[in-house]
Amino acid sequence: MKFKQLSLFLENKPAHLKHPCDVLAAANINILTLSLADSEKFGIMRFIVDDWERAKDTLEAAGCVVTVTDVLAIEVDDRPGGLSALLAIIEEGGHDIEYMYAFACRRADKAVLFFRFSDTDAALANLQSRGVPVLDPVAL
Amino acid sequence: MAKRKVDHNGEFQIVSAPDYLPVPQLRTLQLQRLRRIVERAGSRVPFYRERFKELGIAAEDVQSLEDIQKLPFTQKTDLRDTYPFGLFASPMKEVVRLHASSGTTGKPIVVAYTDRDVRVWSSVMVRTFAACGLHAGDIIQNAYGYGLFTGGLGAHYGAEALGATVIPISGGNTDRQIAVMKDFGVTALCCTPSYFLHLAERAKALGVDLSELPLRAGIFGAEPWSDSMREHIESDTGIRAQDIYGLSEIIGPGVGSECLERGGLHIFEDHFYPEIIDPETGRVLPEGEEGELVLTTLSKEAMPMIRYRTRDVTMLLTEPCPCGRTLRRIKRVGRRSDDMFIIRGVNIFPSQVETALLQVEGTLPHYQIELTRREGLDQMAVSVEVTPEFFSDTVKGLEQLEQRLIKALEHVLGLRVEVKLVEPQTLKRSEGKARRVIDNREL
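Let us look at the structure shown here. Small disclaimer: the values here were computed from a predicted structure and weren't measured.

## Notes on the overall build of chain A
Thinking step 1. For chain A, the helix and strand inventory stands at four helices and six strands.
Thinking step 2. Its helices and strands taken in sequence order, chain A reads β-α-β-β-α-β-α-β-β-α from the N to the C terminus.
Thinking step 3. Taken along its principal axes, the extent of the C-alpha atoms in chain A is 45 × 30 × 30 Å.
Thinking step 4. For chain A, the residues scored as buried account for 43% of the 140 residues in total.

## Considerations on the pattern of salt bridges
Thinking step 1. Applying the stated rule across the entire model yields 36 salt bridges over all chains.
Thinking step 2. Residue D22(A) is joined to K18(A) by a salt bridge in which the shortest nitrogen-to-oxygen separation is 2.9 Å. Remark: K18(A) and D22(A) occur in helix α1 (residues 18-26); sequence separation between them is four residues, near one turn of the helix.
Thinking step 3. The exposure class of K18(A) is exposed, given its relative accessible area of 51%.
Thinking step 4. Linking D115(B) and R119(B) is a salt bridge whose minimum nitrogen-to-oxygen distance equals 3.1 Å. You can see D115(B) and its partner R119(B) sitting in helix α4 (residues 115-131), four residues apart, about one turn around the helix.
Thinking step 5. R119(B) gets classed as exposed once you look at its relative accessible area, which sits at 53%.

## With respect to the pairing of strand β2 (residues 109-114) of chain B
Side chains on a regular strand alternate between the two faces of the sheet.
Residue and element names in this part refer to chain B.
Thinking step 1. Most of β2 is tucked away: six of the six residues are buried.
Thinking step 2. Of the two faces of β2, both are covered, the one formed by I109, V111 and Y113 as well as the one formed by V110, A112 and T114.
Thinking step 3. By the bridge criterion, six bridges tie strand β1 (residues 95-101) to β2 in an arrangement that is antiparallel. Counted as the bridge partner of S101 is I109 from β2.

## Observations regarding the pairing of strand β18 (residues 367-374) of chain B
All names here are of chain B.
Thinking step 1. As paired strands, β18 and strand β19 (residues 377-385) are joined by eight bridges and run antiparallel to one another. Opposite Q368, over in β19, you have S383 as the bridge partner.
Thinking step 2. Linkage of β18 to β19, two consecutive antiparallel strands, is achieved through a turn of two residues, within which E375 is found at a positive phi near 50°.
Thinking step 3. Sheet analysis places β18 next to strand β21 (residues 437-439), joined by three bridges and oriented parallel. Looking across to β21, one finds that I369 is bridged to V437.

Parameters and conventions
- Residues numbered from 1 in each chain as written.
- Chains lettered and ligands numbered in written order.
- Predicted model: local features only at pLDDT ≥ 70, side-chain atom pairs only at ≥ 80, totals over all residues.
- Heavy atoms only, no water.
- Helix = DSSP H or I, 4+ residues; strand = E, 2+ residues; numbered from the N terminus.
- Buried < 20%, exposed > 50% of the residue type's maximum accessible area, 1.4 Å probe, protein only.
- Salt bridge = Lys/Arg side-chain N within 4 Å of Asp/Glu carboxyl O.
- Pairing = 2+ DSSP bridges.

These figures capture arrangement, not role.
In structure tokens:
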């Protein structure tokens, strides 16, 4: 049920985001969704691709530093309060969210959010037991 | 941690016989050769003749090895000032080879060899390889640059004379180096330690596990490297990393070498006479004190060097080495008396920065020190390439890493410096010597 997210180190300078994107484009790898985190000096590009192993090898061969992190994809109702309801469950379970971001495309009346928990396995078990729709990588 | 490969036991090789001369005999030989070289320099090289005259000394005044202290020093600037051939003691028809070092500033320096000099050079390189545990039958990949730089040809001739198989691949083209190493069953590699780090990093990226190859020894020289860098190389790749010492002005590689005991580097004293001086006063320091290494060539025909100031900081180790060699040793050269820089009144050596970086993550990333001056105040920034082991995927994690590096540097240097995390492969890679310090201060 876990997604493999790739994270890439970037210097916070103009045009530094383009290089890894060019590398992925040349290898015909599609980015399903991504988010950027940044500080004054550097940034981290986090993204989900259709073939993470090939993406990782390709990026590393191009000289990038890539790490793989487990994240969970969770479906919520795409309506006011949809995220709140999910967060209530997460809070109740005492799970610490390191970061989260949304999946780019809509699925009917649902939205998909990616979560990085400090304790992925515990969060997964708890959320599933509470009936929260945690998506399977195959489903996307 | 890579497994350590079975190494040669360093048994006696006949080529190394001069390494084991009884000390009194060695001293007698040194004095004979010293007197001869001083006579040769004074009678054949106007530069030395004038220096000796100024000081009112003649070759006959050298009656004991201690008398060497009466002789003047020779400096790198003297080689530049007499460029190109001013220090030659042989007519050009007897000079069979010229090498030159690329002067990083101004003119290069030129060094010359007679046929006999080339043979001596090859013999000290054979002794270097033998001391490092290599022998006939080894397959040696020589990644020192071939050409004007003395490293390539010096190691090449020595390796051939040892009876090894030499692969004269020269520097650069790292992917081909790795392929050749794998395909040819290379057992020993000669290159600079910083180039080996680069090569090991690239091998990893290519999925080549160096510890699975027959490669068992690295003969590393031409730049200072730390003990912690050695530990890192050895535990990471399973090879034995040996330190060798040399400089073009004296002969090239082959001035000194570690033996398998690795308690310092034996100087091939029958050809090169070592002294340690106080770099400020020029006074010879008592045994066991740290100072600048000064070398006198005892047998060089084409270009004798009298008391050449190497700028390398070390000390002479005089107690007998368990390996049985009677040659005195120098401590590994960790720094040069001139690559030190002073920032806000603090003396700093790049090796200290290395120590701090290693403390934090246990591996040595590529780094570069940049010095600038802002509003009259010196600033020091250390750029560190992020490696997969270092990279945490949260901003918090990277900021913590930055803080740990700043703290470790402050602890080692006594100075708070800026740390910049940069993308891999963005700091200039050298195929030869690493350029660690960029000084952009306008003084």
